[in-house]
Amino acid sequence: MVMFPGNVLCLAARAQPSPPSLPFGLDPCSPRGEEEPGREAHADFLLAFPAPETALLLRPLRPSSKPQQEPQPPPQRFPLRMRLPCPLCLLLSCVFLTALAEARTCQPDAKKGQKPGCKSHAIISGFLSQDYFYPLYLDCLASFRTGMFRVPSPSSDSPTDLRSCVRVISDQCIPLPCNEDGYKECRDGQAQFTCICKPGWQGVRCEEDINECEDPKNRNGGCSQICLNYPGSFRCHCEDGYYIQPNRLDCKDMNECLLHQNICGTAQCKNTPGKYECECPPGYAYNATAKKCEDVDECAENICSQMCVNSPGSYTCYCDGKKGYKLSRDMRTCETVPDCLALNLEKNYELLYLAEQFIGIPVLYLRFRLPEVTRFSAEFDFRTYDNEGVILYAESTDNTAWFLLALREGKIEIQFKNELGTKVTSGGKAINDGLWHMVSVEELEHSISVKIAKEAVMNINSPRNLFKPSNGFLETKVYIAGLPRKVDNALIKPINPRLDGCIRAWNLLNQGNSGVKDIIQQKQSKHCLISVGKGSYYPGTGVAMFHINYNNSLTSKEDWLINMTMTIRPSTGTGVMFALVSGEKVPLALSVVDSNSSYSQDIIISIENVIVARLESNRLCTSRRVLLDLRVTRELLELTVDLHSEITYSGEHLSSLDQAMNGSVDTYLGGIPDVPVEATPVTVFYNGCMEVKINDKQLDLDEAISKKNDIRSHSCPLLMDEMLSSEAPDLFINLS
């Protein structure tokens, strides 16, 4: 830059109007006026520039000692002509021209760039480009109009004095054309500028932010999860449960279970990508408020088709076994227990069933009023496997005389009482073989004759009639298969009145079966099965209960003993055969259940509601009867099937059984009574034939404490395919 000490350069264009005048000594473009006191006198001169329409005026600023005169006309301006009042000004002009010439010869080459040493070419050459610099120069001068130069401009880009109007005209970066936020450097050029942008900015003036998150070459800005764009930059963020890695790009899972040891309370904390889970055991749900696992009541969701029992962390579905339902394989729904063996349950109304009522009351009550010449007589066909029971009981209307026809140890027994005394007589062969036998009893003039198949087996002397006529008539009450109330103590020899048998073709007091057939026909429970075999039959509708003492005093090691032998032929694949019950608990149960495979069954033993032993069997539902042996002590449980399949158990649950056995237990056959459904795994009644011996004693269902009426104590239905091979050839004869 060319500097002229003590002078101010004035750039004026002829075509432009002169700027407003400033006070003398301040405006270099105004006519000469009064000089300020104290200023040294300087020569003024005029220098014309080669540039068209442009001239440079150099004028001294000196104080005037003379009064103010009329303004002098401005000096004439001639190209390359000077008016040099003093040698100093001439020298300065030479220096300026030399710099001007140097500036013109040092203009930068468009291809090679600026020559070395040309430090001021940008400023001087700028004067030659009046289309750009001239307006800037006028703006600069305008900023120094009256009063403005006295106050420094708050902007760093504004000139601080009048001389800077020449110095800054050629700097394209003043004022700053670049975006202040986005530029890094502003580079000045010849009538142009270049904004060097910071990373993250683009555009001519660095005014455009680069969205790094949408860069197709660097997807998502290189962030593994979330990319957020900021002015001139971007930042990677992580989703919840992750934290940023040192490379500021990748996210890593945060293990909340390690960072917060008690985050799940009593539940188990499991870390997952970006999250964590509080896990509970099956059947429990996590309570986020209490931070603990709570039992889920699955039963409230009606998850079972019939009955549901909730337990801590679990549930169990039950079915009404007493109505013939069992739990399906899905352990939720119920299904009917299917028959696995077809039985011949055909009945005939002309066959009277003698065991209709378990309590021993008669199945039929008849009253006769006949002429006095009539004597007592009875004739009928009889069939049974039972060894004891009442067939017929007759008495006078005043109860002073009575007659009993019964069966004891399979043989006919007669007891009677009349006005002369009492008598007991038995004899003949055993007739409890399941075959039909014709039995007749006839009162003669001085004796009582008993015949089986028309063959006399007993002839009892009786000097007087059994029943005494009254008012010309013989009035007699007859009870079939039972005793009237309060008669048990009057018998000469007590007897169990219950008798599982059938009679047909009866003829009482020579009156035939008139009226009796109609009574029997009206009630199915009085009808007898056409064909039966030996054994006890459980139809799957009830139980029989016994009081059995299991205490064993033979050895000190065995305080109690269960030694049971069973012969079974199940008709359905599921049912409770034997059970010990104490209150609402089932300390021991032996059941048959359908196995997972088709057409086969398992034998299971349960202690309370836990299955402790399971013995798989190929098939139990066959015509062949299966032998079971069960032996249980306080230390060992043994089960044997058909003398070869064996299973043992000596686990901890035997202690529960031992505790129950030291108390009071009831023995049930064919099922369990009304106890809570969760007391034992199986509640279905047993359906089929079964004979039981416990501790070397054969159990007779007629001696049970209680028994369902339709449980047959001594008769088991035959199979359908056994009908043709029945051992009773006279089964269908003499029915009328």
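Residues numbered from 1 in each chain as written. Predicted model: local features only at pLDDT ≥ 70, side-chain atom pairs only at ≥ 80, totals over all residues. Heavy atoms only, no water.

Brief notes about the sheet that holds strand E21 (residues 364–371)
Right, on to step 1. Taken in spatial order, the six strands line up as E21-E30-E23-E24-E25-E26 in an open sheet, and their pairing is antiparallel. This sheet does not close on itself; its edge strands, each paired only once, are E21 and strand E26 (421–427). Averaged over all adjacent pairs, the angle separating strand axes in this sheet is 15 degrees, with direction ignored.
Right, on to step 2. Two elements, strand E23 (residues 388–396) and strand E30 (residues 473–480), share five bridges in a ladder whose sense is antiparallel. When the bridges of E30 are listed, alanine 394 appears paired with valine 478. (Pairing = 2+ DSSP bridges. Helix = DSSP H or I, 4+ residues; strand = E, 2+ residues; numbered from the N terminus. Axes fitted to C-alpha atoms, helices over the stretch in contact; angles between N-to-C directions.)

Side note on the confidence of the model for the chain
Right, on to step 1. Here the chain shows a mean pLDDT of 79. Residues at 70 or above account for 74%.
Right, on to step 2. The element-level mean pLDDT for the chain is lowest in strand E1 (residues 7–13), coming to 36, with strand E44 (residues 666–669) highest at 97.
Right, on to step 3. The low-confidence segment residues 1–69 (pLDDT under 50) makes 155 contacts with residues lying over four places distant or belonging to another chain.
Right, on to step 4. Within the model, pLDDT remains below 50 along residues 76–85, and this stretch shows 23 contacts once partners closer than five positions in the same chain are excluded. (pLDDT = per-residue confidence, 0-100. Contact = heavy atoms within 4.5 Å.)

With respect to the sheet that holds strand E40 (residues 610–616)
Note on sheets: strands pair through backbone hydrogen bonds, and any given pair is parallel or antiparallel.
Right, on to step 1. Taken together, the seven strands give an open sheet; going across it, the order is E40-E39-E38-E37-E44-E35-E47, and neighbouring strands pair in antiparallel fashion. This sheet does not close on itself; its edge strands, each paired only once, are E40 and strand E47 (706–707).
Right, on to step 2. Pairing geometry for strand E38 (residues 585–594) and strand E39 (residues 601–607), over six bridges, is antiparallel. Residue pairing for E39: valine 593 is matched across the bridge by aspartate 602.

Some details on the state of the cysteines
Right, on to step 1. Within this structure, the stated rule accounts for 15 disulfides.
Right, on to step 2. Across a sulfur-sulfur distance of 1.9 Å, cysteine 257 and cysteine 269 are joined as a disulfide pair. One disulfide, between cysteine 257 and cysteine 269, carries an S-S torsion of -75 degrees and so falls in the left-handed class. Highlighted residues: cysteine 257 in helix H5 (residues 256–259) and cysteine 269 in strand E12 (residues 268–272), separated in sequence by 12 residues.
Right, on to step 3. With a relative accessible area of 13%, cysteine 257 lands in the buried category. (Disulfide = S-S within 2.5 Å. Buried < 20%, exposed > 50% of the residue type's maximum accessible area, 1.4 Å probe, protein only.)

A closer look at the packing of aromatic side chains
Right, on to step 1. Enumeration over the complete set of coordinates arrives at six aromatic pairs.
Right, on to step 2. Taking 6.1 Å as the distance between ring centres and 25 degrees as the angle between the ring planes, the aromatic pair formed by tyrosine 393 and tryptophan 402 counts as stacked.
Right, on to step 3. The exposure class of tyrosine 393 is buried, given its relative accessible area of 2%.
Right, on to step 4. Among the residues examined, tryptophan 402 registers a relative accessible area of 4% and is labelled buried.
Right, on to step 5. Aromatic rings pair up to connect Tyr365, Tyr393, Trp402 and Tyr479 into one cluster.
Right, on to step 6. Between arginine 504 and the ring centre of tryptophan 436, over which it is positioned, the NZ or CZ distance is 4.1 Å. (Phe/Tyr/Trp six-rings, centres within 6.5 Å; stacked < 30°, edge-to-face > 60°. Lys NZ or Arg CZ within 6 Å of the ring centre and 35° of its normal.)

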